[in-house]
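# A look at the structure
Chain by chain, the residues run as shown.
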Amino acid sequence: MIVPLYVFALLGSTLAWGGLNQWHELSANAEAGSGGADSCTCDAFLPSSTFPVKDLAVVEQAAEQISHKLEMEMGKIEDYEMKMTQYAEKIIELTREIELLEKKPDANSDATLENMELKIKQVEALVEDLKISFKTSGTVFQSLHQEITVMVKSLDQLEKTHDKNLVLQTRREYIKIQMELEECERRHQEIFNPNIGSCDHTGIIKVSKPLVSQLNAQLGTSYIYGGWGKDSKPIPDRESMYWFSGDSSIYIDDIRFYSNYKNLVLRNPFLHHTILNGWNGLGSNYIVRGNTLYYQKYSPFGLAKYNFTSMTYDSRVIPGASSTFSYANYENQIFDFAADENGLWVTYATDQSNGKMVIAKINEESFGIEEVWETSVYKPAINNIFMVCGVLYGVRTVDIQNEEIFFMFDTKTKEEKHISIIFERFQDKYSNLDYNPTDQKLYMYTNGYYVNYHLWFNHTATATVQPPFAPTQI
Ligand SMILES: *[C@@H]1O[C@H](CO)[C@@H](O)[C@H](O)[C@H]1NC(C)=O
Ligand SMILES: *[C@@H]1O[C@H](CO)[C@@H](O)[C@H](O)[C@H]1NC(C)=O
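Residues numbered from 1 in each chain as written. Chains lettered and ligands numbered in written order. Predicted model: local features only at pLDDT ≥ 70, side-chain atom pairs only at ≥ 80, totals over all residues. Heavy atoms only, no water.

Note the threshold: UniProt positions are given in the numbering used here, feature names are shortened, and annotations may be inferred rather than shown by experiment.
Per an unreviewed UniProt entry, the recorded name for the protein is Olfactomedin 4, tandem duplicate 2, and the organism is Hippocampus comes. Check the Subcellular location (unreviewed entry) section of the UniProt entry for the protein; it says "Secreted".

### Considering the sheet that holds strand β15 (residues 356–362)
The cut-off we apply is this: Between any two strands, pairing holds if DSSP finds at least two bridges. The helix count covers DSSP runs of H or I at least four residues long, the strand count covers runs of E at least two residues long, and both are numbered beginning at the N terminus. Axis definition: a line fitted to C-alpha atoms, limited for helices to the stretch in contact. Angles are taken between N-to-C directions and run from 0 to 180 degrees.
Judged by pairing direction, the sheet is antiparallel, and its four strands sit side by side in the order β13-β14-β15-β16 without closing on themselves. At either margin of the open sheet sits one strand with a lone partner, and together these are β13 (336–340) and β16 (369–378). Across the sheet, the mean angle from the axis of one strand to that of its neighbour is 25°, orientation sign disregarded. Pairing of strand β14 (residues 343–349) with β15 involves six bridges; the strand directions are antiparallel. Bridge pairing in β15 links Trp 345 to Lys 361.

### Digging into the site of ligand 2
Spelled out, the test is: Near is defined per residue: the residue qualifies when any heavy atom it owns lies within 4 Å of the molecule or strand. Between N or O atoms, a polar contact is any pair within 3.5 Å; within protein, one atom must be a potential hydrogen donor and the other a potential acceptor, and residues adjacent in sequence are included only when both atoms are from side chains.
As a structural note, the neighbourhood of ligand 2 is formed by Thr 202, Ile 205 and Asn 458. At 2.3 Å, a side-chain N or O of Asn 458 approaches an oxygen atom of ligand 2.

### Examining the state of the cysteines
The cut-off we apply is this: Only a pair of cysteine sulfur atoms within 2.5 Å qualifies as a disulfide here. A simple rule labels every residue: compare its accessible area, found with a 1.4 Å probe on the protein chains alone, to the largest value its type can have, and call it buried under 20%, exposed over 50%, or partly exposed in between.
Counting across every chain of the model gives one disulfide. The disulfide partner of Cys 199 is Cys 389, and the gap between their sulfur atoms is 2.1 Å. Between Cys 199 and Cys 389, the disulfide has an S-S torsion of -90° and is therefore left-handed. Taken together, the residues Cys 199 in the loop between α5 (164–192) and β1 (201–207) and Cys 389 in the loop between β17 (384–388) and β18 (391–397) connect sequence positions 190 residues apart. Given a relative accessible area of 33%, Cys 199 falls into the partly exposed group. By relative accessible area, which is 5% here, Cys 389 ends up buried.

### Some details on the sheet that holds β17
The four strands are arranged β17-β18-β19-β20 in an open sheet whose pairing can be described as antiparallel. Of all the strands in the sheet, the pair left with one neighbour each is β17 and β20 (415–424). Sheet twist, expressed as the mean angle between neighbouring strand axes with direction ignored, is 25°. Judged from the eight bridges that link them, strand β19 (residues 402–410) and β20 form a sheet pairing that is antiparallel. Bridge assignment links Ile 405 to a residue of β20, and that residue is Ile 421.

### A closer look at the environment of Asn 432
The test is simple: Throughout, a residue-residue contact means that at least one pair of heavy atoms, one from each residue, lies within 4.5 Å.
Here Asn 432 is to be found in strand β21 (residues 432–436). The spacing of Asn 432 and Gly 283 is 149 residues in sequence and 9.5 Å in space, taken between C-alpha atoms. When near neighbours in sequence (up to four residues on either side) are disregarded, Asn 432 contacts Gly 226, Gly 227, Ser 284, Asn 285, Tyr 286, Asn 384, Tyr 443, Met 444 and Tyr 445.

Below, the structure is given as structure tokens:
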């Protein structure tokens, strides 16, 4: 979507007459991008069948209401896209007029300039209007997620007391709604946040409410150890793939792959790999990147990788890594893998560092360590870490409901600092937390549930590529 860039550029640039050169650049972009706005056609799903079971009927009714609200939001997104196109056209028109004026400087009467200024103010007002509607949508998405979370919990409950097949039908309807909501949100984010993959920011400033997907593939609440998410560097044709691995013990035995989100929540894997004897894993801070699972090896204690393209294993022993310093939540969380815009990382603590966390950059092909950084954060005092743009973020518990991102360490500058970004937990404990650079979301596995969070960053890029109204209000 090219259109928003120069709408943002318009707002970001000073609308003074001295800035005419900027208008030339804008006009070049604008012409290349005109007509680039695809029309948006999301059809909201309305559940058709009703069931004799009373509780189920309530859940179904709620599905219908949620679906209706979603339909309204989808309508708004179409509206945004239409407005974007209109603004772009207005900008092109203005640019042409300015060019004409520049060619005939003698004709620049005050009246013409005033008229032009008025037109620019109009576009500005339109952008402001768009900004306000955008903020409202964010709030609606959030409450829809909350409603769905409540209903998914009811469904899990109903599945225990009613005919599973009957419940499955309703569950499918919810899955459909959930997928539509995510699609709607994705499109919304694409329009307003063309910054996926960019590191032009100074760090995280906000975390959303927890967005709960489903109970895990095993439907087991005892499956508290595990992880889920998307490949952070997918191989071709696996871009929409999700993975899940979970267990009621801290050992890693297997991993399942799902072709897309729908198949993840329908518990319908297309691949199920079991880890070979002798290559068993321990701990739950593994990650999937480049169709390869990176995990903590049970014996000999170290790092392991399982490449699902070549179906080969590899391992490394890390000299100095201590096997005694786990995270606060569970035992045996020694090596924590993380992936971000800059590649693959692993964190651990050493005896030499007295349990303070060490960050190592991993070369994915050779599986060797390229560089190591020492931080001042005591590993057993925290619950988990993740990396974004080469910056480590440490997370701890602050109270019964909330977590806090309290620490950051920048591997580029070796600078560290204490921060405080509070976010809500969905369950009391979690065994896996990771950032995914492909969608800039946090993925959490908590007491058997798949949960994710949106992140917002403090953007620093220039106005030509940066929306002046980054969605920080959601
Ligand atoms: C996995 O194996 C494939 C096929 O041999 C290879 O091309 C790829 O680089 C390997 N990936 C990693 C991360 O080692
Ligand atoms: C965002 O970054 C700017 C510039 O580095 C800084 O002054 C500001 O305090 C930051 N905002 C937040 C909310 O962290």
